[in-house]
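Structural features, examined
Residue-level listing of the chains:
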Amino acid sequence: MTPLTPTSSDRAGPAATVDLAPLRRAARPRALEFAFWLLPVAAWFLFPENLALLTQIAITAIFALSLDLVLGYAGIVTLGHAAFFGVGAYAAGMLSAKLGIGDPLLGLVFAAAVSALAGAITSPFVLRGTGLTRLMVTIGIGMMLFEAANKANDFTGGVDGLQGIEMTPLLGLWSFDLWGKTAYVYAVAVLFVVFLVARHVVGSPFGLSLRAIHMNAARMPALGVSVDARLTAAWIAAAAIAGIAGALLTQTTQFVSIDVLGFGRSAEILLILILGGAGRLYGALVGAIVFVTLHHLLADVDPEYWQLWIGLVLIGIVLFARNGLMGVVDPFERLLARKETKR
Amino acid sequence: MTPPVLETRDLVKTFGGFTATDGVSLSIAKGARHALIGPNGAGKTTLVNLLTGFLTPTSGSVLLDGADVTGLAQHKRVARGLARTFQINRLFADLTVLESVALAVAEQMGVGRRFWRPIGRHGEVLDAAARLVEDLHLADVAHRRTRDLAYGKQRLIEIALALAARPRVLLLDEPAAGVPTSESRELFAALAALPADMTILLIEHDMDLVFRFADRISVLVSGAVLLEDTPEVVAGHPLVREVYLGEAHHV
Ligand SMILES: Nc1ncnc2c1ncn2[C@@H]1O[C@H](COP(=O)(O)OP(=O)(O)O)[C@@H](O)[C@H]1O
Ligand SMILES: [Mg+2]
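Residues numbered from 1 in each chain as written. Chains lettered and ligands numbered in written order. Predicted model: local features only at pLDDT ≥ 70, side-chain atom pairs only at ≥ 80, totals over all residues. Heavy atoms only, no water.

Comments concerning the side chain of B:Thr21
Residues and elements named next belong to chain B. Examined against the element boundaries, Thr 21 turns out to sit in strand S2 (residues 18-24). Residue classification places Thr 21 among the buried positions, given a relative accessible area of 1%. With near-sequence residues (within four places) excluded, Thr 21 lies in contact with Leu 11, Val 12, Lys 13, Thr 46, Leu 47, Leu 50 and Gly 223. (Helix = DSSP H or I, 4+ residues; strand = E, 2+ residues; numbered from the N terminus. Buried < 20%, exposed > 50% of the residue type's maximum accessible area, 1.4 Å probe, protein only. Contact = heavy atoms within 4.5 Å.)

Now the structure itself:
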């Protein structure tokens, strides 16, 4: 064997024996992904009666993507993510109900900004601790916001909810119709854009550093990385995306229930992500589709005890698919990857 | 006169009532090959942790290029050219070798915060990472996950991560620990080939390797510097034979 020569990292030009193709290829969309995004189009034609439900799925998927960024990628376990969903929902609601600004896209941007601000304010408290401390802080933030919304009755409508929200037509062209057609197309379009952004983020150097922080945060400073700065950025971005999801719910239902801030919503979205598979964007999407659909079907069959059944189904799925539903594809992917590098 | 690249003044670190670093004053010149030896528990790793900011000293100061960096965060010291390896691997289990090194290279190049362009399209990062992977004889396992590799191979990733930072000062905490003897010779040949103006502080138990590599040696015992001199003087020093070499030969 020739001696090792690390000094040669100063030499220019590519390495001769390391195949860079697998990393380059990772960024490209795959055939299956195109197929996946035909689903919302197919659903439009197959379930025209269920557009409201399908809109719920899209909104939940955006919320799950947001959680995936901080939990699946950056490894921040949170049980208070509804805080940002709720802030976004109220921000969009008040913009219309209090200020009379009903443009949906403007509302989205506004909600994202307010939620991002909420993320910036909360991040020092959340990132300070680790493990269980962190989890407690996220729960605490969620509870405080819920109570604040409850107390600020005059402003938020308290437990009665926020009313008087009216949306102007989307882009000035499409008004929100009774059948939910505009709402569905709008929600799916926003989901698609959020997904594209998230896909870029997780595949970027920044996204790689988030995954690395998740695996071994203590090593990162020795690589020159300020872990807190990275996690703060991820936290704020996720807050903004959760806010967008909340705003969509407000805009498509023209109502804000105080439940948007509820602990149940935080727990549910965590469940959805784990169910689909954390740390992979399609896990968030599949989790949302399966959970909301199951919820709908089981509530139909057994309106009283649907939670019991959904609990059973979830336990079953998670026991058999340890890494979530999308985790099932792991062994195949690895096999494929090995074949491709061997070529 | 240019200040020493790395310097400590009366550095003290206590854990509860236990003094792990006891008034250490070191001065390391640019381009030095400085070895730090001493029995297990002498405080060698603790000293490296203090130098890099992994630990905060109880008292005393650390200077890098003559500037006080005692309170400076770890990652900022890395930005000033101070890199290290860990005695026990600290790696990224689910990243491939190439991803791990690309991560470190991206940070060195200052593109680690970029959140849009895929890592796979950062050609300059990939090229530099691939060269490092190749230089450390990891090319055949470049696309394998860290967790699937033998400890000796993982050790090379640990070193690659430190080199990716393009350090001016490199602190190596027992780099060959856990590496089979045949490969450790190769590893040291590599370390010997590092640029002459890179300042290196090496912790190592194999005295043959130390005496071949170092031009200065500090002997640390119970947290304090017992002696600092050239390899010849250190090797002949009766106290060293008694305190350290006698014990080290069984390693
Ligand atoms: N974080 C810590 N807390 C308490 N004691 C520690 C800690 N780190 C090191 N020590 C103690 O300090 C002494 C020196 O340890 P170390 O620096 O690892 O020695 P060396 O690297 O020379 O073998 C040991 O007795 C060790 O138990
Ligand atoms: Mg040690």
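Quick notes on the environment of A:Ala218
Relative to the helices and strands, A:Ala218 resides in the loop between helix H10 (205-216) and helix H11 (227-253). Ignoring anything within four residues of it in the chain, the contact list for A:Ala218 reads B:Phe54 and B:Arg90.

Quick look at the site of ligand 1
Residues and elements named next belong to chain B. Taken together, the residues surrounding ligand 1 are Phe 15, Phe 18, Ala 20, Pro 39, Asn 40, Gly 41, Ala 42, Gly 43, Lys 44, Thr 45 and Thr 46. Here an oxygen atom of ligand 1 sits 2.8 Å away from a polar atom, N or O, in the main chain of Gly 41. Contact distances for ligand 1 include 2.8 Å between an oxygen atom and a side-chain N or O atom of Thr 45. Starting from 560 Å² of accessible surface for ligand 1 in isolation, the protein chains cover 60%. Looking at the shell around ligand 1, the elements that each hand over two or more residues are S2 and helix H1 (44-52). If one sorts the elements of the shell around ligand 1 by residue count, H1 sits on top with three residues. (Near = heavy atom within 4 Å. Polar contact = N/O pair within 3.5 Å; in protein donor to acceptor, adjacent residues only side chain to side chain. Areas by Shrake-Rupley, 256 points an atom, 1.4 Å probe, with all protein chains shown as cover.)

So, helix H14 (residues 306-320) of chain A
All names here are of chain A. Taking 1.5 Å per residue as the helical rise, H14 with its 15 residues ought to reach 21 Å, and the 21 Å between its terminal C-alpha atoms agrees with that figure. Restricting attention to buried positions, one finds in H14 the residues Trp 306, Ile 310, Leu 314 and Ile 317. For H14, the angular spread of buried residues about the axis comes to 65 degrees, placing them on one side. Exposed residues lying more than 90 degrees from the buried face of H14 are Ile 315, Leu 319 and Phe 320. (Expected span 1.5 Å × (residues − 1). Arc of directions from axis to C-beta.)

A look at helix H5 (residues 151-164) of chain B
Residue and element names in this part refer to chain B. With 14 residues, H5 should cover 20 Å at 1.5 Å per step; its first-to-last C-alpha distance of 20 Å lies within 8% of that length. Along H5, twelve of the 14 residues are buried, which leaves the element largely enclosed by surrounding structure. For H5, the set of buried residues is Gly 152, Gln 154, Arg 155, Leu 156, Ile 157, Glu 158, Ile 159, Ala 160, Leu 161, Ala 162, Leu 163 and Ala 164. On the buried face of H5, the contacting elements are strand S7 (82-85), helix H3 (97-108), helix H4 (123-135), strand S8 (169-173) and helix H6 (181-192). Directly after H5, the chain includes Arg 166, whose backbone phi takes a positive value near 45 degrees.

Structural notes on the packing of aromatic side chains
Residue and element names in this part refer to chain B. Throughout the structure, instances matching the rule amount to eleven aromatic pairs over all chains. For the pair Phe 54 and Phe 86, a centre-to-centre distance of 5.8 Å together with 70 degrees between the ring planes defines the contact as edge-to-face. Highlighted residues: Phe 54 in the loop between H1 and strand S5 (59-64) and Phe 86 in the loop between S7 and H3, separated in sequence by 32 residues. Exposure remark for Phe 54: the relative accessible area of 27% places this residue in the partly exposed category. (Phe/Tyr/Trp six-rings, centres within 6.5 Å; stacked < 30°, edge-to-face > 60°.)

Topic: the packing of helix H9 (residues 181-203) of chain A against H10(A)
Residues and elements named next belong to chain A. Where H9 contacts H10, the two axes come as close as 4 Å, and the packing angle between them is 70 degrees. If you check the angle between H9 and H10, you find them roughly perpendicular. Only Pro 205, Phe 206, Gly 207 and Leu 208 of H10 make contact with H9, whose side of the interface consists of Val 201, Val 202 and Gly 203. Classifying every residue of the contact of H9 with H10 gives five nonpolar, two polar and no charged. (Axes fitted to C-alpha atoms, helices over the stretch in contact; angles between N-to-C directions. Parallel < 35°, antiparallel > 145°, perpendicular 65-115°, else oblique. Nonpolar A, V, L, I, M, F, W, Y, C, P; charged D, E, K, R; others polar.)

Examining the side chain of B:His122
Topologically, B:His122 is positioned in the loop between H3 and H4. Engagement of the side chain of B:His122 in a polar contact is seen with the side chain of B:Arg114, the distance being 3.4 Å. Excluding anything up to four places from it in sequence, B:His122 contacts A:Pro205, B:Val111, B:Arg114 and B:Arg117.

Focus on the pairing of strand S1 (residues 6-15) of chain B
Residues and elements named next belong to chain B. Note that S1 and strand S3 (residues 27-28) share two bridges and pair antiparallel. Pairing of Glu 7 across the sheet is with Ser 27, part of S3. Pairing of S1 with S5 involves five bridges; the strand directions are antiparallel. The residue bridging Arg 9 from the neighbouring strand is Ser 61, located in S5. Here S1 runs beside S2; their pairing, made up of five bridges, is antiparallel. (Pairing = 2+ DSSP bridges.)

By themselves, these observations are geometric and do not establish any function.
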